[in-house]
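Take a look at the letters that make up each chain.
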Amino acid sequence: MTDSSLTPDIHARLAQTADVTLDEATTFADLTTLHLGGRPRLVVRCATAAAVSEVVRLLDAASVPLLVVAGGSNLVVADGDLDLVVVLLENDQVTMDDTGRVVAGAGAEWDAVVAAAVDAGLGGIECLSGIPGSAGATPVQNVGAYGAEIADVLVQVLLLDRTTGEVSWVPAVDLDLAYRYSNLKFTSRGVVLAIELQLTTDGLSAPLRFGELARRLGATSGEERWPVADVRAAVLELRHGKGMVVVESDHDTWSAGSFFTNPVVDPSVADAVQLLVRESRGDEDADRMPRFPAPGGEKLSAAWLIERAGFAKGHPGPQATVRLSTKHTLALTNRGSATTADLVALAREVRDGVREVFGVTLVPEPVWIGVSID
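Below is a short write-up of the structure. (Residues numbered from 1 in each chain as written. Predicted model: local features only at pLDDT ≥ 70, side-chain atom pairs only at ≥ 80, totals over all residues. Heavy atoms only, no water.)

### Concerning the sheet that holds strand E13 (residues 264-265)
Strand order in this open sheet of 3 strands is E13-E15-E14, and the pairing throughout is antiparallel. In this open sheet, the two edge strands, each paired with only one partner strand, are E13 and strand E14 (291-294). As paired elements, E14 and strand E15 (residues 297-300) share 4 bridges and run antiparallel to each other. Looking across to E15, one finds that Ala294 is bridged to Gly297. The sheet strands contacting helix H7 (residues 267-281) are E13, E14 and E15, and the helix crosses E15 at an angle near 40 degrees. (Pairing = 2+ DSSP bridges. Helix = DSSP H or I, 4+ residues; strand = E, 2+ residues; numbered from the N terminus. Contact = heavy atoms within 4.5 Å. Axes fitted to C-alpha atoms, helices over the stretch in contact; angles between N-to-C directions.)

Pasting the structure below:
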């Protein structure tokens, strides 16, 4: 392994930092929901935002490669030894008040934040129930599900600017939030230390705009609002049915969630895809093709494309170490003995298969560390 700048002096300074614990045993397989990835040089566990800031500043000043990790639900990490230090966010404090203001440390488990908000009768994030990962990750890729996004409720983020070393609250409007995107994603320019949300206080959900969830609850229009506890229960039921809630005993949940983003294409491309389906599968299937207006064109369903390209649930079969989930084709899953190389091979097969059939290139949603799909 290439020698990094993690000298004994820096190691000693890390050990002396308040609210920090050094961990030399933990691997990325321990830290990710895919249970994949090799060994970092060191894991630095940070219990407070101040500790995170101090550690990142110290490592950056010494040019020590680092990766900030919290829930590990959106990472694809290379096998073997990795020349980097993990800064593990364990600052999980959450506060909320009767105005609907919620402040969560970046290391807080996201679903625990949702559960606490629902228990308090606060509305706006119940559709995001069951999503694995941490609160700090939600604005980075503008987490969304069932017609809701974090952008709908995010007020500001407490951000460490890695260029200047300064910590400040940054308004959500400055993050360029869009579908599965913010200007923090893929840049490493800043570290989210905490988030502030503004939720509603009437005990009702965000408008039920997503068909599957609305049908499950019996909503008849896209603007109906339901009790937050009822919506959370329905979302969790739907996600469990798709293997999208982490259950350690269920390998269908050893995944990074939805592996590919839903592609946004020119309407002419959507027309061409629909025509191909019509010719190969008939009018009924073609008429059901999901296609929705989106900035820049029309959004298609990645899962729908994967299935029509010939990849069924459980592909490539029960003996494979990495398979599409048996519950949902959009999740690539580790069956317990996989390597990252196995995962990458299946991701390439699915991406290339969809492109060959439909001319649409699916883009992976996770962050890739030390490895690439290309």
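### Examining the packing of aromatic side chains
Under the definition given, this model contains 2 aromatic pairs. Here the aromatic rings of Phe259 and Phe260 are separated by 5.2 Å at their centres, their planes lie at 75 degrees, and the arrangement is edge-to-face. A relative accessible area of 0% places Phe259 in the buried class. The class of Phe260 is buried, set by a relative accessible area of 1%. A ring pair is formed by Phe259 and Trp368, whose centres lie 6.0 Å apart and whose planes are at 80 degrees; its orientation type is edge-to-face. With a gap of 109 residues between them, Phe259 in the loop between helix H6 (228-241) and E13 and Trp368 in strand E18 (residues 367-369) connect regions that are remote in the sequence. Of the aromatic side chains, those joined through ring pairs into one cluster are Phe259, Phe260 and Trp368. When the ring centre of Tyr179 is taken as reference, the NZ or CZ atom of Lys299 above it lies at 3.9 Å. (Phe/Tyr/Trp six-rings, centres within 6.5 Å; stacked < 30°, edge-to-face > 60°. Buried < 20%, exposed > 50% of the residue type's maximum accessible area, 1.4 Å probe, protein only. Lys NZ or Arg CZ within 6 Å of the ring centre and 35° of its normal.)

### A few points about the sheet that holds strand E5 (residues 81-89)
The mixed open sheet is built from 4 strands, whose spatial order is E1-E2-E5-E3. The strands lining the two open edges of the sheet, one partner per strand, are strand E1 (20-23) and strand E3 (66-69). Averaged over all pairs of adjacent strands, the angle between strand axes in this sheet comes to 25 degrees, irrespective of strand direction. Relative to E5, E3 runs parallel, the two being bridged by 4 bridges. By the bridge assignment for E5, Leu66 is matched with Val85. Where helix H3 (residues 49-61) meets the sheet, its contacts fall on E1, strand E2 (39-46), E3 and E5, and the angle it forms with E5 comes to roughly 155 degrees.

### Focus: the pattern of salt bridges
Taken as a whole, this structure holds 27 salt bridges when the rule is applied. Here Asp285 ties to Arg308 by a salt bridge, and the two come within 2.7 Å at their closest N and O atoms. Linking Asp285 in helix H8 (residues 283-287) with Arg308 in helix H9 (residues 302-308), this pair joins segments that are 23 residues apart in sequence. Residue class for Asp285 comes out buried when judged on its relative accessible area of 6%. One salt bridge in this structure joins Arg351 and Asp374, with 2.8 Å as the shortest N-O distance. (Salt bridge = Lys/Arg side-chain N within 4 Å of Asp/Glu carboxyl O.)

### A look at the environment of Val68
Along the chain, Val68 falls in strand E3. Assessed through its relative accessible area of 27%, Val68 is described here as partly exposed. Sequence separation between Val68 and Val192 is 124 residues, and the spatial gap between their C-alpha atoms is 9.5 Å. Once you skip the residues sitting within four places of it in the chain, Val68 turns out to touch Val87, Leu89 and Val191.

### Details of the nonpolar core
In terms of nonpolar packing, the biggest core is built from 41 residues, with Trp110, Ile125, Ile195, Leu197 and Leu213 touching the most fellow members. Looking at this core, the elements with two or more residues in it are strand E7 (101-105), helix H4 (110-119), strand E10 (154-161), strand E12 (190-198), helix H5 (211-217) and H6. When residues no more than four places from it in sequence are discounted, the contact partners of Leu213 are Cys127, Tyr146, Leu208, Val231, Ala234, Val235 and Leu238. By size, the runner-up hydrophobic cluster in this structure holds 36 residues, among which are Val273, Leu346, Trp368 and Ile373. (Core = buried A, V, L, I, M, F, W, Y, C linked by side-chain atoms within 4.5 Å.)

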